[in-house]
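Results of the structural survey
Letter by letter, the chains look like this.
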Amino acid sequence: MNPAPFELSMLLAILPEILLVVLAALVLLLNLGVRHRAEGVLGWLTAIGLAVIAVLSAVFARPGDTPQLIFGGMLRLDWVSFSFRLLFLLGAAITVLVSLEHARTITGEYLALLLVSTLGMSLMASSANLIMLYLAIETTSLPLYLLAGYYVENQKSVESGIKYMLYGAVTSAVMLYGFSLLFGLSGTANLAMIPFRLTQTGVSPLLVGGALFLTLVGFGFKVSAAPFHFWAPDVYEGAPTPIAGFLSTASKAAGFAVLVRVLLVTFPQLASFWTLVVAILAALSMIVGNLLALTQRNIKRLLAYSSIAQAGYILVGVAADSPLGVAGMVYYLTSYLVTNLAAFAIVWLVAQQVGSEDLDAFSGLGKRNPAIALAMLISLLSLGGIPPLSGFIGKVLVFAAAVEAGQVALAIIGVLTSVIGLYYYLTVMKILYRPAVDEAPLKPSLSWRTAMLICVVLMLALGVIVAPWYGQSLAAASALF
Amino acid sequence: MSAFQIVFLLIALLTLFSALMVVFARKTIHSAFWLILALFGVAATFATLAASFFVVIQVAVYIGAIAILIIFTVMLTRRSMEESGDQLLPGWGWAALVVLIVFGGLVFMLLQWQGIFQPPQVLTAGGENLENLGMALVMPDRYVIPFEVASVLLVAAMIGAIYVAGDHKKRS
Amino acid sequence: MVPASYYLILSVVLFVLGALGVLLRRNALVVFMSLEMMFNASNLAFITFARMYNALSAQVVVFFVMTVAAAEVAIGLALMVEIFRSKRSVDIDQMNTLKG
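Keep in mind that this is a model prediction, so the values were computed, not measured. (Residues numbered from 1 in each chain as written. Chains lettered and ligands numbered in written order. Predicted model: local features only at pLDDT ≥ 70, side-chain atom pairs only at ≥ 80, totals over all residues.)

Quick look at the overall build of chain B
A count of helical and extended segments in chain B gives seven helices and zero strands. Counting from the amino terminus, helix and strand elements in chain B follow one another as α-α-α-α-α-α-α. With 172 residues in all, chain B has 33% of them scored as buried. Sequence-distant contacts in chain B: of pairs separated by 6 or more residues, those separated by 24 or more amount to 52%. (Helix = DSSP H or I, 4+ residues; strand = E, 2+ residues; numbered from the N terminus. Buried ≥ 20, exposed ≤ 12 C-beta atoms within 10 Å, placed from the backbone. Contact = placed C-beta atoms within 7 Å.)

Set out below in structure tokens:
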């Protein structure tokens, strides 16, 4: 497939990205005057702007029947990029609404960095060229390093920013070296062209496998799969909580979008090799994540290890190397996005009032605000994969894909570790309804309640009405096969 | 051995020796100065590859901006480390082992690769095409999207860096 | 002329030395310098391939890698100056407010 020559209508395909830049610039400009007079106005503007962009991208940036390479083959307009872009916009909007709870995090800089990072994710999902891919990954990561260290007065936050940046830069250097070998072996940067060139020149699969391995280090870091997970607990603990939520959901989803695109489009000949590697990563992540989560006393660290385990379940879908697996991955990521963002939002609200992120800080939540306790209960159950919540459907899809692909062992590990996962989710639930000394009622702001409502409704809806988004996920999957 | 090869080997030795000193110099500021030399070495290898434009930007960006910025930071964070104590992380033995395996793996890979042992093709007249590069960066059918994204990224990074390193007492 | 293999071996050794610095040193600034060497190793490989295939796209990658490196250094050093203000140290081993 050759890239289509440039025409003005192509600008419509990147309209969401253009609007994200415009919105970021607008927020920065307004930051000069508006913020001090009207608290929160910038945040609402950003959230509403993101919603408008989502609607516009659903209307104008729809891919056609056949995927199209645009802008000289830099971007690929297909259902993968379309679905993931909606996911990122949703994640960013929820994160902004949750951040509004605290005036400290809604300066123009914070919002602009968040928007630029969302722009990078959106480009990651649609990159069709090594150059574009590298730049998109860095555009996502660099603002996130800053956001993790955003509470400059808080030593923990700055430390988490530095750690995230150092680990991120090291893995991206390794990944870039992989890219350079890949380029050297094939002589092209076009992801779809690489397999053809490799067959033409007849390079030994060993060499290609080595280059693939180096790039997998970078992708493994982005999705925080074991053994590239070590950064996640430290970074999530120190980073501002809404950012930790954003990192664990949208940023992870972007990593998965890149992972499937590169593996399926660029390395179809090496499928037997990479399915094995991904399966090992999946098994390791499920086991390590769930076992280490058992010992955590800090809720953010617990959620970090749980998110590593969730990455493992999602990788099961990738390892299946089938349309069902990829569709399951997209569905799982969507459900996980709303679920985990809700959990982190509640953690933030409670931790701010109680002043502690220990599990015990959550005791008595059932008395202090029954609605919030219920929302926490629902999100924990959804993370644990209990029907009729969205997490259940996601798990069923990826495990079914594993069985269909003949990887029964992986599915069994998945089910067994899910049981362990359920155990620590239940421990947290028990604490929610334990009596506590301090039973002052919790009163979240309007923006926080809006975000929570969106999350809970989507968690329930995705668990009950499967067909529409599953159809969308299948469409995304078929664009890659 | 031709004269060209000797020149290359000298540059390579200089680069690698400086790189080694960056890693093992005791004082941070010495590491920084060795880094400049290593970056110069890389610039010189670019010159032997007929990429003169990249020689210039290697010197301008890496040495002129990045290395100087690092030196400023070293001076700003002076006495930040005990320079007499142990400079290595605990568990460095394992790290060295990992690095050795990576090195062995990469060299083994390169030796399998037939294409790289051929002498390079002779460049056609004009050789390096700076004008093409410049045009490619701004043509919609080539690299305009990455070019614009890179500019957005740079602006965002500057804003964020100024925010983080700025004066916080004044702000609150 | 020198075949590409010479350059690639140089690039591999530079990459590995950078990795060594990243994994061994305690000083975050030296880690940072080692990182720059790893990126330089990739750049060297890309320029070699640009010569080998006479390909413009490899040069374009180097152009962007340098841009990103500049942005990354600005961010990293800003964070390091900030941690130094509160901790008086840039020792990675001492960054243990986050247990783990």
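Describing the overall build of chain C
Counting its secondary structure elements, chain C contains three helices and zero strands. Its helices and strands taken in sequence order, chain C reads α-α-α from the N to the C terminus. Among the 100 residues that make up chain C, the fraction classed as buried is 74%. Excluding contacts between residues fewer than 6 apart, the proportion of contacts in chain C whose partners are at least 24 apart in sequence is 48%.

Concerning the domain arrangement of chain B
For chain B, the assigned domains are domain 1 (1-80) and domain 2 (134-172). Spacing between the C-alpha centres of domain 1 of chain B and domain 2 of chain B amounts to 25 Å. (Domains from an automatic or database assignment.)

What about the nonpolar core?
Core analysis: the largest hydrophobic core is formed by 291 residues, its most contacted members being Ala345 of chain A together with Ile75 of chain C. In terms of residue count, helix H15 (residues 323-354) of chain A provides more of this core than any other element does, 22 residues in total. Apart from residues lying up to four places away in sequence, Ile75 of chain C is in contact with Leu142, Tyr145, Leu146 and Met165 of chain A together with Ala157, Gly160 and Ala161 of chain B. (Core = buried A, V, L, I, M, F, W, Y, C linked by C-beta atoms within 7 Å.)

A few points about the environment of Gly64 of chain B
All names here are of chain B. Within the fold, Gly64 resides in helix H3 (residues 52-76). For Gly64, a count of 13 C-beta atoms within 10 Å translates into the label partly exposed. Along the backbone, Gly64 and Leu89 are 25 residues apart, and their C-alpha atoms lie at a distance of 30 Å.

Considerations on the interface of chain C and chain B
Each side of the interface is counted separately: chain C has 65 residues, and chain B has 68 residues. Looking at the side of chain C that touches chain B element by element, the count peaks at 21 residues for helix H3 (residues 56-87) of chain C. Residues of the side of chain C that touches chain B, tallied by class, amount to 47 nonpolar, ten polar and eight charged. (Nonpolar A, V, L, I, M, F, W, Y, C, P; charged D, E, K, R; others polar.)

Comments concerning the interface of chain B and chain A
At the interface, 22 residues of chain B touch 28 residues of chain A. Elements with a minimum of two residues in the side of chain B that touches chain A: helix H4 (92-112) and helix H6 (144-165) of chain B. Considering each element in turn, the side of chain B that touches chain A owes the most residues, 13 residues, to H6 of chain B.

Things to note about unusual backbone geometry
With an omega of 0°, the peptide bond running from Ala226 of chain A to Pro227 of chain A counts as cis. Position of Pro227 of chain A among the secondary structure elements: in the loop between helix H10 (205-222) and helix H11 (231-238). At the junction of Pro387 of chain A and Pro388 of chain A, the peptide bond is cis and its omega measures out at 5° in the coordinates. Summarising the element assignment, Pro388 of chain A is placed in the loop between helix H17 (370-384) and helix H18 (390-404). Phi at Phe71 of chain A is positive, roughly 55°, even though this residue is not glycine. Take Phe71 of chain A: it is sitting in the loop between strand S1 (68-70) and strand S2 (75-77). If you check the backbone angles, Asn54 of chain C has positive phi at about 55° while not being a glycine. Mapped onto the elements, Asn54 of chain C comes out in the loop between helix H2 (28-53) and H3. Under the C-beta neighbour-count criterion, Asn54 of chain C is labelled partly exposed, with 15 such atoms within 10 Å.

Things to note about H3 of chain B
Between its first and last C-alpha, H3 of chain B extends 34 Å over 25 residues, near the 36 Å set by a 1.5 Å rise per residue. Along H3 of chain B, the sharpest change in direction is near 25° and occurs at Gln58 of chain B. Taken residue by residue, H3 of chain B has Phe54, Val55, Gln58, Tyr62, Ile66, Ala67, Ile70, Thr73 and Val74 of chain B as its buried positions. Its buried side turned inward, H3 of chain B meets helix H2 (28-48) of chain B together with H2 and H3 of chain C. (Expected span 1.5 Å × (residues − 1). Bend = angle between axes of the 7 residues up to and from the residue.)

Describing the environment of Ile47 of chain C
In this fold, Ile47 of chain C is placed in helix H2. Here the alpha-carbon distance between Ile47 of chain C and Lys87 of chain C, two residues 40 residues apart in the chain, equals 41 Å. Look past the residues within four positions of Ile47 of chain C in its chain and what remains in contact with it is Phe46, Leu49, Ala51 and Phe54 of chain B together with Ala58 and Val62 of chain C.

Here's the deal with the confidence of the model for chain C
All names here are of chain C. Looking at chain C as a whole, its pLDDT mean stands at 86, while 87% of the residues score no less than 70. H2 holds the highest mean pLDDT among the elements of chain C, 91, whereas H3 holds the lowest, 89. The ipTM, which scores confidence in the relative placement of chains, is 0.93 for this predicted complex, and the corresponding pTM is 0.93. (pLDDT = per-residue confidence, 0-100.)

Observations regarding the packing of helix H5 (residues 130-138) of chain B against H3 of chain C
One way to put it is that H5 of chain B packs onto H3 of chain C with a least axis distance of 11 Å and a crossing angle of 70°. Considering the angle they form, H5 of chain B stands roughly perpendicular to H3 of chain C. Relative to H3 of chain C, the crossing made by H5 of chain B is right-handed. Contacts between H5 of chain B and H3 of chain C pair Asn132, Leu133 and Ala136 of chain B from the former with Leu56, Gln59 and Val60 of chain C from the latter. (Axes fitted to C-alpha atoms, helices over the stretch in contact; angles between N-to-C directions. Parallel < 35°, antiparallel > 145°, perpendicular 65-115°, else oblique. Left-handed = near helix turned anticlockwise from the far one by under 90°.)

So, H10 of chain A
A rise of 1.5 Å per residue sets the reference length of H10 of chain A, with its 18 residues, at 26 Å; its end C-alpha atoms lie 25 Å apart and thus fit the reference within 8%. When H10 of chain A is considered as a whole, its buried residues turn out to be Val208, Gly210, Ala211, Leu212, Leu214, Thr215, Leu216, Gly218, Phe219, Gly220, Phe221 and Lys222 of chain A. Considering only its buried residues, H10 of chain A is in contact with helix H8 (155-186), helix H9 (194-201), helix H12 (241-266) and helix H13 (271-293) of chain A together with H4 of chain B. Immediately beyond the C-terminal end of H10 of chain A, within one or two residues, lies Ser224 of chain A, with a positive phi of roughly 45°.

Regarding the packing of helix H7 (residues 130-148) of chain A against H3 of chain C
At a closest axis distance of 10 Å, the pairing of H7 of chain A and H3 of chain C adopts a crossing angle of 5°. The orientation of H7 of chain A with respect to H3 of chain C, classified from their angle, is roughly parallel. Side by side, H7 of chain A and H3 of chain C meet where Ile131, Tyr134, Leu135, Glu138, Leu142, Tyr145 and Leu146 of chain A of the first sit next to Ser57, Val60, Val61, Phe64, Val68, Ala71, Glu72 and Ile75 of chain C of the second. Taken together, the residues of the contact of H7 of chain A with H3 of chain C sort by class into twelve nonpolar, one polar and two charged.

So, the environment of Phe72 of chain B
Residue and element names in this part refer to chain B. For Phe72, the position within the fold is in helix H3. When the 13 C-beta atoms within 10 Å are taken as the criterion, Phe72 is described as partly exposed. Sequence-wise, Phe72 and Ala157 are 85 residues apart; in three dimensions their C-alpha atoms are separated by 18 Å.

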